[in-house]
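What follows is the residue order along each chain.
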Amino acid sequence: MLKSELITNQHLARKAMIYVRQSSPHQVLSNQESLELQYALKHRALEFGWPQDHIVTIDTDLGLTGTTTEHREGFKELLTQVALEKVGIILSYDVTRLSRNCSDWYPLLDICGYKNCLIGDRDGVYDPGTMNGRLLLGLKGQLAEVELSTIRARLTAGLLNKAKRGDLALQLPAGLLRDEHGIVHKDPNLEVQSAIELVFKTFLKVRSASKTVVFFKENDLKIPRYDRWKEVFWKTPTTAAVISILKNPAYGGAFAYGKTQVVCTGPSARDKRQKKVELEHCKILLRDKFPAYVSWEDFEKIQSLLKENYAEYSRNKTRGIPRPGAALLHGIVYCGECAHKMVVQYKTGNRYICNYHRQQYRVPVCQFIPADPIDEFVIKAFFQALSPIELDAYAETLKHQNEENSEVMRSHALEVERLRYQTKLAERQFNRVDPDNRLVASTLESRWEKSLHDLKLEEETLEQKKMKDCSPPS
């Protein structure tokens, strides 16, 4: 029988608590040998002299990190039992199982020392109430914290080194696939490629994410997205989804690492949140690493337009997209006295007002001028300048309209082709099933009918658009 001079009858009259923990769910499944060694501490407690019914195993913290006590209900239960003087010894395979944070480790030593509770690991038994015991346990706790920092720094250095080469396998958006050799290619599905390219072309034309969504909805078009299993599915576009496509540097052929940073929001280790950073502030940005859906110059232009479109006119003085209101020159009028941008005011009629110095220094307004006569003059000057090139502008507009219609028709044709394939696949699956297996046959029959219904609707939509394009312009 094992024996330690620190263990007394007073300790044996209390419980022996065995604390079992693994740092992540992956370790719980893969590192079974370590888990078995921790559960084997029960035999050690028996050898120390504790009876079977006085040995308690706490394993509710399996899969939780030891860097904090939050969400570790087993550790909190252990502290409670020690504070109630019900624990004679805490057994752990290693002190790192109890804590990897000194701010949590030393309070445990204080409580154990005050309540005369021992701590044991694979190396021996320690009394936190004595100077030697506290010194050894304190050193073990500090080494555990340093070890975790060293492991994290080593792993982070490896990730950064791989990211600097652009070889880090980050998650790719819909439209880009990584093969078994780690090389990124465009999705071979032409419908996916066409839809993503159309998002960028449409935005460069209409210069607004919301108008891009309106264009897609008016033409019954959808955008490709990935589900949780990395399978492509088609969904009705939303403004948020379109902006996420437009802002993703991977579509511009660039590898970006460090697009978010962790911001502390409180004293606790859990009081953190991720904050997106500007593309130019990313840790690593490597161009020409992926096949691009849009040139990098156009991608940067799109980012500039998105930033200007953001409704921060009064603070950032961006021009932005046209806003509601009668004033025509909103965002493009500058003061002739101080050269600052003028804003619109509708309180006493439409007028342009320069209030920059008033906002900054609380001095009187620089100047204000009525908007209606200026807008009327600008409209006349605009049409006078436009009249010589009206025919060229009309021809150019028709050209762009025809190109846009061709893109829409191509997208619908690709969707019809995809639905035809899905319909044939559903038909083959239905024909191969055993007719007596009605449970499966009925499901496959419903799937086939739904595919036929979707195909019919899309073919009707394509036919209507063809007839509309063939009709003479009004």
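Residues numbered from 1 in each chain as written. Predicted model: local features only at pLDDT ≥ 70, side-chain atom pairs only at ≥ 80, totals over all residues. Heavy atoms only, no water.

Side note on the pattern of salt bridges
- Under the definition given, this model contains 15 salt bridges.
- Here Lys 201 and Glu 407 are joined by a salt bridge, their closest N and O atoms 3.0 Å apart. Taken together, the positions of Lys 201 in helix H9 (residues 190-206) and Glu 407 in helix H16 (residues 390-432) put the pair 206 residues apart, joining distant regions of the chain.
- Classification of Lys 201 by relative accessible area gives partly exposed; the value is 45%.
- Salt bridges here are not isolated pairs; linked through shared partners, they connect Asp 121, Asp 123 and Lys 140. (Salt bridge = Lys/Arg side-chain N within 4 Å of Asp/Glu carboxyl O. Helix = DSSP H or I, 4+ residues; strand = E, 2+ residues; numbered from the N terminus. Buried < 20%, exposed > 50% of the residue type's maximum accessible area, 1.4 Å probe, protein only.)

Section: the sheet that holds strand S4 (residues 118-121)
- One open sheet holds the 5 strands; their spatial order is S2-S1-S3-S4-S5, and the pairing between them is mixed. At either margin of the open sheet sits one strand with a lone partner, and together these are strand S2 (55-58) and strand S5 (124-126). Along the sheet, successive strands turn relative to each other by an average axial angle of 25°, direction set aside.
- Pairing of strand S3 (residues 87-91) with S4 involves 3 bridges; the strand directions are parallel. The residue of S4 that forms the bridge with Leu 91 is Gly 120. (Pairing = 2+ DSSP bridges. Axes fitted to C-alpha atoms, helices over the stretch in contact; angles between N-to-C directions.)

Focus: the side chain of Arg 100
- Structurally, the position occupied by Arg 100 is in the loop between helix H6 (95-98) and helix H7 (102-114).
- There is a polar contact of 2.9 Å between the side chain of Arg 100 and the backbone oxygen of Ala 144.
- With residues up to four places along the chain from it excluded, the contact list for Arg 100 reads Gly 66, Ala 144, Glu 145, Glu 147 and Leu 148. (Polar contact = N/O pair within 3.5 Å; in protein donor to acceptor, adjacent residues only side chain to side chain. Contact = heavy atoms within 4.5 Å.)

A word on the sheet that holds strand S14 (residues 343-345)
- Ordered by their spatial adjacency, 3 strands build an open sheet running S14-S15-S16, and the pairing between neighbours is antiparallel. With partners counted over all chains shown, the strands left at the sheet margins are S14 and strand S16 (367-370), one partner each. With strand direction ignored, the average angle separating the axes of adjacent strands in the sheet is 30°.
- Where strand S15 (residues 351-354) lies against S16, 4 bridges are found, and the strand directions are antiparallel. Counterpart to Arg 351 in the pairing with S16 is Pro 370.

Some remarks on the environment of His 330
- Looking at where His 330 falls in the secondary structure, it is placed in the loop between helix H13 (313-316) and S14.
- For the pair His 330 and Arg 273, spaced 57 residues apart in the sequence, the C-alpha separation amounts to 37 Å.

Quick word on helix H3 (residues 32-39)
- For H3, the set of buried residues is Ser 34, Leu 35 and Gln 38. Each buried residue of H3 sits inside an arc of 100° when the element is viewed along its axis, so together they form one side. In H3, the exposed residues that point more than 90 degrees away from the buried face are Glu 33 and Glu 36.
- Elements that come into contact with the buried residues of H3 comprise strand S1 (15-19), helix H2 (25-30), helix H4 (41-48) and H6. (Arc of directions from axis to C-beta.)

Remarks on the packing of aromatic side chains
- The final tally for this structure, using the stated rule, is 7 aromatic pairs.
- Taken together, a centroid distance of 5.4 Å and an interplanar angle of 40° make the contact between Phe 430 and Trp 448 tilted. Here Phe 430 is found in helix H16, whereas its partner Trp 448 is found in helix H17 (residues 438-470), with 18 residues between them in sequence.
- Among the residues examined, Phe 430 registers a relative accessible area of 22% and is labelled partly exposed.
- Among the aromatic residues, ring-to-ring pairing joins Phe 200, Tyr 251 and Tyr 293 into one connected group.
- Directly above the aromatic system of Tyr 293 lies the positively charged group of Lys 186, at a separation of 4.6 Å from the ring centroid.
- Against the face of Phe 368 rests Arg 351, its NZ or CZ located 4.1 Å from the ring centre. (Phe/Tyr/Trp six-rings, centres within 6.5 Å; stacked < 30°, edge-to-face > 60°. Lys NZ or Arg CZ within 6 Å of the ring centre and 35° of its normal.)

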